[in-house]
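These are the residues of each chain, in order.
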Amino acid sequence: MKRDTESALHLDLSPLHLLHRAGQRAGDVFNAEIGSLELTPRQFAVLATVASAEGLSQTDLVERTGIDRSTLADIVARMLKKGLLQRRRTKDDARAYAVRLTEEGQRLLQLAKPRVETVDQRLLDTVPEVHRQQFLEALALLVEVLGQPGALIARPR
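Here's what I pulled together on the structure shown here. (Residues numbered from 1 in each chain as written. Predicted model: local features only at pLDDT ≥ 70, side-chain atom pairs only at ≥ 80, totals over all residues. Heavy atoms only, no water.)

1. Digging into the overall build of the protein chain
Thought 1: Helix and strand counts for the protein chain stand at 7 helices and 3 strands.
Thought 2: Relative to the globule expectation of 15 Å for 157 residues, the C-alpha radius of gyration of the protein chain, 19 Å, shows a markedly less compact shape.
Thought 3: Projected onto its principal axes, the C-alpha positions of the protein chain cover 60 × 40 × 35 Å.
Thought 4: Classification of the 157 residues of the protein chain by burial places 27% in the buried group.
Thought 5: Contacts spanning at least 24 positions in sequence make up 50% of the contacts within the protein chain whose residues lie at least 6 apart.
Thought 6: Of the accessible surface of the protein chain, which amounts to about 11,400 Å², a share of 55% is contributed by carbon and sulfur atoms.
Thought 7: Here the protein chain carries 23 positive and 21 negative side-chain charges, and the mean point of each set is 5 Å from the other. (Helix = DSSP H or I, 4+ residues; strand = E, 2+ residues; numbered from the N terminus. Rg over C-alpha atoms; globule rule 2.2 N^0.38 Å. Buried < 20%, exposed > 50% of the residue type's maximum accessible area, 1.4 Å probe, protein only. Contact = heavy atoms within 4.5 Å. Areas by Shrake-Rupley, 256 points an atom, 1.4 Å probe, with all protein chains shown as cover. Lys, Arg positive; Asp, Glu negative; His and termini not counted. Charge placed at Lys NZ, Arg CZ, Asp CG, Glu CD.)

Pasting the structure below:
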């Protein structure tokens, strides 16, 4: 029985486990707030990114959102089917597609924005105000450092 207690304590100190659990909770808050809009956090990220720079290629979207290529292709395909996005071949590269919002995509984004802002505020409200900037900087650093080439290659022990 002591071993179970030690394992539980270890998980309470595991950045991997805590980030996973925090992500689950953040997703729960997002789903509760977004309600009937039938939108995922990643779909929102795609809508917001396309709205900020229309005509991006899917490769550009991968770079700007951090969503892996195959997942992004699936998300874009579903959003095309829902009528939220349009895509056309780019002028520079006939193999690449430029993506833009449809009117329905713009409408959904405008409905979702205040709800997502509420989610962000609810999440930040869990962190004492004096630590919020440091918290956001630590998350951004984690994303930046682990996103660099070679960062995910196992290091010898």
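2. Some words on the packing of aromatic side chains
Thought 1: Counting across every chain of the model gives 0 aromatic pairs.
Thought 2: The ring of tyrosine 97 carries the charged tip of arginine 87 above its face, separated from the ring centre by 4.1 Å. (Phe/Tyr/Trp six-rings, centres within 6.5 Å; stacked < 30°, edge-to-face > 60°. Lys NZ or Arg CZ within 6 Å of the ring centre and 35° of its normal.)

3. Section: the packing of helix α2 (residues 15-34) against helix α6 (residues 103-124)
Thought 1: Two elements in contact, α2 and α6, have axes separated by 9 Å at closest approach and are oriented at 145°. Remark: the crossing between α2 and α6 carries right-handed chirality. Touching Ala26, Val29, Phe30, Glu33 and Ile34 of α2 are Ala112, Arg115, Val116, Thr118, Val119, Arg122 and Leu123, all from α6.
Thought 2: Among the residues making up the contact of α2 with α6, the classes are represented as 8 nonpolar, 1 polar and 3 charged. (Axes fitted to C-alpha atoms, helices over the stretch in contact; angles between N-to-C directions. Left-handed = near helix turned anticlockwise from the far one by under 90°. Nonpolar A, V, L, I, M, F, W, Y, C, P; charged D, E, K, R; others polar.)

4. Re helix α4 (residues 58-65)
Thought 1: Regarding α4, the residues found buried are Gln58, Leu61 and Val62. Viewed end-on, α4 has its buried residues packed into an arc of 105°, placing them on one side of the element. In α4, the exposed positions angled more than 90 degrees off the buried face are occupied by Glu63 and Arg64.
Thought 2: Here the buried face of α4 lies against α3 (41-52), β1 (56-57), α5 (69-81), β2 (85-89) and β3 (97-101). (Arc of directions from axis to C-beta.)

5. Side note on the nonpolar core
Thought 1: Val46, Leu47 and Leu85 are the most contacted members of the largest nonpolar core, which has 27 residues in total.
Thought 2: At the level of secondary structure, the elements contributing two or more residues to this core comprise α2, α3, α4, α5, β3 and α6.
Thought 3: In terms of residue count, the dominant contributor to this core is α6 (5 residues).
Thought 4: Once residues lying within four places of it in the same chain are set aside, the contact partners of leucine 85 are Val46, Leu47, Val50, Val76, Met79, Leu80, Val99, Arg100, Leu101 and Thr102. (Core = buried A, V, L, I, M, F, W, Y, C linked by side-chain atoms within 4.5 Å.)

6. Quick word on the sheet that holds β1
Thought 1: One open sheet accounts for 3 strands, arranged β1-β3-β2; its pairing is antiparallel. Only two strands of the sheet have a single partner each, and these edge strands are β1 and β2.
Thought 2: By the bridge criterion, 5 bridges tie β2 to β3 in an arrangement that is antiparallel. For leucine 85, the partnering residue across the bridge sits in β3 and is leucine 101. (Pairing = 2+ DSSP bridges.)

7. Notes on the side chain of threonine 49
Thought 1: Along the polypeptide, threonine 49 turns up in helix α3.
Thought 2: When near neighbours in sequence (up to four residues on either side) are disregarded, threonine 49 contacts Leu56, Leu61, Arg64 and Thr65.

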